[in-house]
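These are the residues of each chain, in order.
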Amino acid sequence: MELILVRHGQPAWVTPDGRGRNDPGLTELGHAQAKEAAARLADTEDLPGRGDVDRLFASPAVRAQETAAPIAEALRLPVETHEWLWELRNPEAWEGIPIEEIDAAFATLNARSREEWWEGHWGGESLRDFHVRITTGLRGLLADLGIVPSDDEGLWDLEPGGAAASGQVDRIVAVAHGGTNSTIIAHLLGVPPQPWEWDRFSMGHASVAVLALTPIAGHHIWSLRSLGDATHLAVDDRTT
């Protein structure tokens, strides 16, 4: 089984008058990137592994939904929206404030200690809560497919009769965010969490990561087959 993670296309974070948006849509380039990602995913010969995509999941954020729309059309699948896939939630007070103030807040966070990092931005979601939300949602989704953690730490098992074991679901796509995708990858690979999760497994806009469930030691592991693959985008259209 394969899990294919897609980061949303380039978002319009800043309004024309220089103010921040907490839930932006895509830029014109972002929409073009999403269409290229859709064409890539629809070509089953162009990604590691074989077979059509069975399920399509997406974050409820506007930028993720707008990226998922052409993918859904290309794959002829409905978009299954999951709240837990949302990126780290910014403080509500950031909506509409000058972008310079938001940039300053990130600069301040970058200079803090690891423990202070875990607290996140004042008024926003803490990195601790973010990590718990993503990993809990991920494990719940996999459990619904019959993929559960083994008693042997770091390994996974397929439940007899489950969707994965029976071949009902072989390939799933999730359209989400840089931080969300990086946290998913780290968790599935058994990498200890850090508050700066999104910088460890970095993905550009509309790029793709592929993880494959691989039999080993009588159980399974998640194997990272590709990360941040943007070969479907022209070099000048690749953004971070």
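Right, let's walk through the structure included here.

About the cut-offs
Residues numbered from 1 in each chain as written. Predicted model: local features only at pLDDT ≥ 70, side-chain atom pairs only at ≥ 80, totals over all residues. Heavy atoms only, no water. Axes fitted to C-alpha atoms, helices over the stretch in contact; angles between N-to-C directions. Helix = DSSP H or I, 4+ residues; strand = E, 2+ residues; numbered from the N terminus. Parallel < 35°, antiparallel > 145°, perpendicular 65-115°, else oblique. Left-handed = near helix turned anticlockwise from the far one by under 90°. Contact = heavy atoms within 4.5 Å. Expected span 1.5 Å × (residues − 1). Buried < 20%, exposed > 50% of the residue type's maximum accessible area, 1.4 Å probe, protein only. Arc of directions from axis to C-beta. Nonpolar A, V, L, I, M, F, W, Y, C, P; charged D, E, K, R; others polar. Phe/Tyr/Trp six-rings, centres within 6.5 Å; stacked < 30°, edge-to-face > 60°. Core = buried A, V, L, I, M, F, W, Y, C linked by side-chain atoms within 4.5 Å. Pairing = 2+ DSSP bridges.

**Describing the packing of helix α1 (residues 28-42) against helix α2 (residues 62-75)**
Helix packing for two helices is described by the angle between their axes and how far apart those axes are. At their nearest, the axes of α1 and α2 sit 8 Å apart, and the two run at 30 degrees to each other. Relative to α2, the element α1 lies roughly parallel. Our pair here, α1 against α2, has a crossing hand that is right-handed. Of the residues in α2, those in contact with His31, Ala34, Lys35, Ala38, Leu41 and Ala42 of α1 are Glu66, Thr67, Pro70, Ile71, Ala74 and Leu75.

**Details of helix α3 (residues 99-110)**
Because an α-helix completes one turn every 3.6 residues, residues spaced three or four positions apart along the sequence face the same direction. A rise of 1.5 Å per residue sets the reference length of α3, with its twelve residues, at 16 Å; its end C-alpha atoms lie 17 Å apart and thus fit the reference within 8%. Where α3 is concerned, the buried positions are Ile99, Ile102 and Leu109. Angular distribution of buried residues about the axis of α3 spans 80 degrees; they occupy a single face of the element.

**What about the packing of helix α5 (residues 127-144) against helix α6 (residues 178-189)?**
The N-to-C vectors of α5 and α6 enclose an angle of 65 degrees; their axes lie 10 Å apart at closest approach. Between α5 and α6 lies a crossing whose hand is right-handed. For the pair α5 and α6, the contacting residues are Phe130, His131, Ile134, Thr135, Leu138, Arg139 and Leu142 in the first and Gly179, Thr180, Thr183, Ile184, His187 and Leu188 in the second. Of the residues belonging to the contact of α5 with α6, the class tally is six nonpolar, six polar and one charged.

**Thoughts on the packing of aromatic side chains**
Aromatic ring pairs are described here by two measures, namely the spacing of the ring centres and the angle between the planes. Following the criterion strictly, the structure yields three aromatic pairs and no others. A centroid spacing of 6.0 Å and a plane angle of 45 degrees characterise the contact between Trp117 and Trp198, whose relative ring orientation is tilted. Here Trp117 is found in helix α4 (residues 114-119), whereas its partner Trp198 is found in the loop between α6 and β7 (208-216), with 81 residues between them in sequence. Using a relative accessible area of 6% as the deciding quantity, one classes Trp117 as buried.

**So, the nonpolar core**
Side chains that are nonpolar tend, in soluble globular proteins, to be buried together. Ranked by internal contacts, the top residues of the largest apolar core, which has 33 residues, are Met1, Leu3, Leu5, Ile147, Ile184, Leu188 and Trp222. Elements that contribute at least two residues to this core include exactly β1 (2-7), α5, β6 (171-176), α6 and β7. In terms of residues, this core owes the most to one element, α5, which gives six residues. With sequence-adjacent residues up to four places away left out, Met1 is seen in contact with Leu145, Ile147, Ala164, Val169, Asp170, Ile172, Leu211, Ala212, Leu213 and Trp222.

**With respect to the pairing of β7**
Relative to β7, β1 runs antiparallel, the two sharing five bridges. Across the sheet, Glu2 pairs through a bridge with Ala212, a residue of β7. One ladder, built from eight bridges, connects β7 with strand β8 (residues 219-229); its direction is antiparallel. Among the inter-strand pairings, Val208 is bridged to a residue of β8, identified as Asp229. Connecting β7 to the antiparallel partner β8 that follows it, the hairpin turn spans two residues, and Ala217 within it adopts a positive phi of roughly 55 degrees.

**What about α1?**
The terminal C-alpha atoms of α1 lie 22 Å apart, and with 15 residues this matches the ideal 21 Å at 1.5 Å per residue to within 8%. Within the sequence span of α1, burial applies to Gly30, Gln33, Ala34, Ala37, Ala38, Arg40 and Leu41. Projected down its long axis, α1 carries its buried residues within an arc of 160 degrees, all on one side. Pointing more than 90 degrees away from the buried face of α1 are the exposed residues Glu28 and Lys35. Close packing links the buried residues of α1 with β1, α2, β6 and β8.

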